Amino acid sequence: MATTDRHATTLALAHALSAAERGLAVIPLSRTKLPALRSPHRTDPEPALCRGECGRLGHGVYDASNDPRRIRELFVAAPWATGYGIACGLPPHHLIGVDLDTKSGTDSPAALRELALRHLFTIPDTVVVITPSGGRHLWLSGPPDVVVPNSAGRLAPGIDIRGAGGYLVGPGSRTDHGVYSTVPGTALLAPAPCPPALLRLITPPPRPHHPTPPSAGQHGQGLVQFVLAAHEGQRNTRLFWAACRAYENGIGEELAAPLVDAAIHTGLSEREARATIASAARLTAHRP
């Protein structure tokens, strides 16, 4: 390993341990911002529906911990890590990340201000992290009994939400595009409570429940759970794979609604989910 990478790993571990002292659960990240440890199930014929129950490392955000010994173990297993991710939705802060993106060409801060004026809320003083591209991550805390889903652009163009099952790149992390840092004066703040009006906007109302049809059996339930276990970067892939297996087994049509609900729960939009399932249906229809 190059000296600069070793130095970046040492710094990342130090920052991760500091975050853990504040009760935040962390995982090591690579320069690509993805979890540094690969899944132990990646070579399995059918990926396991596992969130770490197997006892091995490499389950993404489900490896996250605020135990210093566990964190060191994770970084020892990933000596190439140059950053760390902070798991959202976990106690004690039940962290919610508001990601104001700048790469899409939209004015996301202005969009957030417009939402605040329209729905009568203000963003309190809280931790703000600057991304290498000039974007902002606002850290907010949520109530323990509310599950905030991940979403991309649903609130407004350029505004992504990181909730349960998601993570934020921690300040001090080094990526291929630069270093994440806190806005001066915010580093020592605690994540401020999410304004109730904003919380209502990012927590969709309950959708009609589409239970797995009895005729789909255990295999159908397993495919739905496989999609529910997806985290950012694998949601579409998992949905497509599950839909293909469903159509190949003759249960595609009856499993479509439960798969759409599962995909929305992970942060995909209904339109994205239905398009992915339709692609799977077209692909499998041409197979002998």
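Where an unreviewed UniProt entry is consulted, the protein appears under the name Bifunctional DNA primase/polymerase, with the organism given as Streptomyces himalayensis subsp. himalayensis.

Draft legend 1. Inspection of the overall build of the protein at higher detail. When helices and strands are counted, the protein shows 8 helices and 12 strands. With the C-alpha coordinates aligned to their principal axes, the bounding extent of the protein is approximately 60 × 50 × 35 Å. When each of the 288 residues of the protein is scored for burial, the buried share is 47%. A fraction of 73% describes how many contacts in the protein between residues 6 or more apart in sequence connect residues 24 or more apart. Element-wise, carbon and sulfur atoms account for 57% of the exposed surface of the protein, whose accessible area totals about 14,400 Å².

Draft legend 2. Representation of the side chain of D101. Structurally, the position occupied by D101 is in the loop between β3 (95-100) and α3 (108-119). Leave out the neighbours within four places in its chain, and D101 touches T106, S108 and G158.

Draft legend 3. Highlighting the confidence of the model for the protein. Averaged over every residue, the pLDDT of the protein is 88; the share at 70 or more is 92%. Averaged over each element, pLDDT in the protein is lowest for helix α5 (residues 217-228) (84) and highest for strand β4 (residues 128-130) (98).

Draft legend 4. Region of interest: the pattern of salt bridges. Within this structure, the stated rule accounts for 6 salt bridges. Taking the shortest distance from any N to any O, the salt bridge between R162 and D160 comes out at 3.9 Å. Residue R162 shares its accessibility class with D160, and that shared class is buried. With its nearest N and O atoms 2.8 Å apart, the salt bridge here joins R245 to E248. Residue R245 and its partner E248 are both found in helix α6 (residues 235-248); the two are separated by 3 residues, about one turn of the helix. Using a relative accessible area of 16% as the deciding quantity, one classes R245 as buried. According to the relative accessible area criterion, E248 is partly exposed, its value standing at 39%.

Draft legend 5. Structural detail: unusual backbone geometry. Following P91, the chain continues into P92 via a peptide bond in cis, with omega recorded as 5 degrees. Checked against the element boundaries, P92 lands in the loop between β2 (83-87) and β3. At K33, a residue that is not glycine, the phi angle is positive and equals roughly 75 degrees. Residue position: K33 is located in the loop between β1 (26-29) and α2 (68-77). Residue classification places K33 among the partly exposed positions, given a relative accessible area of 32%. Although it is not a glycine, L120 adopts a positive phi angle of roughly 60 degrees. Within the fold, L120 resides in the loop between α3 and β4.

Draft legend 6. Inspection of the nonpolar core at higher detail. In terms of nonpolar packing, the biggest core is built from 31 residues, with V26, I71, F75, Y84, I86, L95 and W139 touching the most fellow members. Contributions of two or more residues to this core are made by α1 (3-21), β1, α2, β2 and β8 (167-169). In this view, L95 contacts L24, I86, A87, C88, G89, L90, W139, L140, R162, L168 and P191; residues no more than four positions away in its chain are not counted. Residues A216, L223, F226 and A243 belong to the second largest nonpolar core, which totals 23 residues.

Draft legend 7. A look at the packing of α6 against helix α8 (residues 270-285). The N-to-C vectors of α6 and α8 enclose an angle of 40 degrees; their axes lie 8 Å apart at closest approach. Comparing their axes, α8 and α6 come out oblique. Regarding α6 and α8, the two cross each other, and that crossing is right-handed. Contacts from N236, L239, F240, A243, C244, Y247 and E248 in α6 reach A273, T276, I277, S279, A280, A281, L283 and T284 in α8.

Draft legend 8. The arrangement of the packing of α6 against helix α7 (residues 252-266) in detail. Relative orientation of the contacting elements α6 and α7 amounts to 170 degrees, with a least axis distance of 10 Å. Relative to α7, the element α6 lies roughly antiparallel. The two elements α6 and α7 meet at a crossing, and its hand is right-handed. Contacts from R235, L239, A242, A243, A246 and Y247 of α6 reach α7 at G252, E253, L255, L259, A263 and T266. The residue makeup of the contact of α6 with α7, split by class, is 8 nonpolar, 2 polar and 2 charged.

Definitions and limits used
Residues numbered from 1 in each chain as written. Predicted model: local features only at pLDDT ≥ 70, side-chain atom pairs only at ≥ 80, totals over all residues. Heavy atoms only, no water. Helix = DSSP H or I, 4+ residues; strand = E, 2+ residues; numbered from the N terminus. Buried < 20%, exposed > 50% of the residue type's maximum accessible area, 1.4 Å probe, protein only. Contact = heavy atoms within 4.5 Å. Areas by Shrake-Rupley, 256 points an atom, 1.4 Å probe, with all protein chains shown as cover. pLDDT = per-residue confidence, 0-100. Salt bridge = Lys/Arg side-chain N within 4 Å of Asp/Glu carboxyl O. Core = buried A, V, L, I, M, F, W, Y, C linked by side-chain atoms within 4.5 Å. Axes fitted to C-alpha atoms, helices over the stretch in contact; angles between N-to-C directions. Parallel < 35°, antiparallel > 145°, perpendicular 65-115°, else oblique. Left-handed = near helix turned anticlockwise from the far one by under 90°. Nonpolar A, V, L, I, M, F, W, Y, C, P; charged D, E, K, R; others polar.

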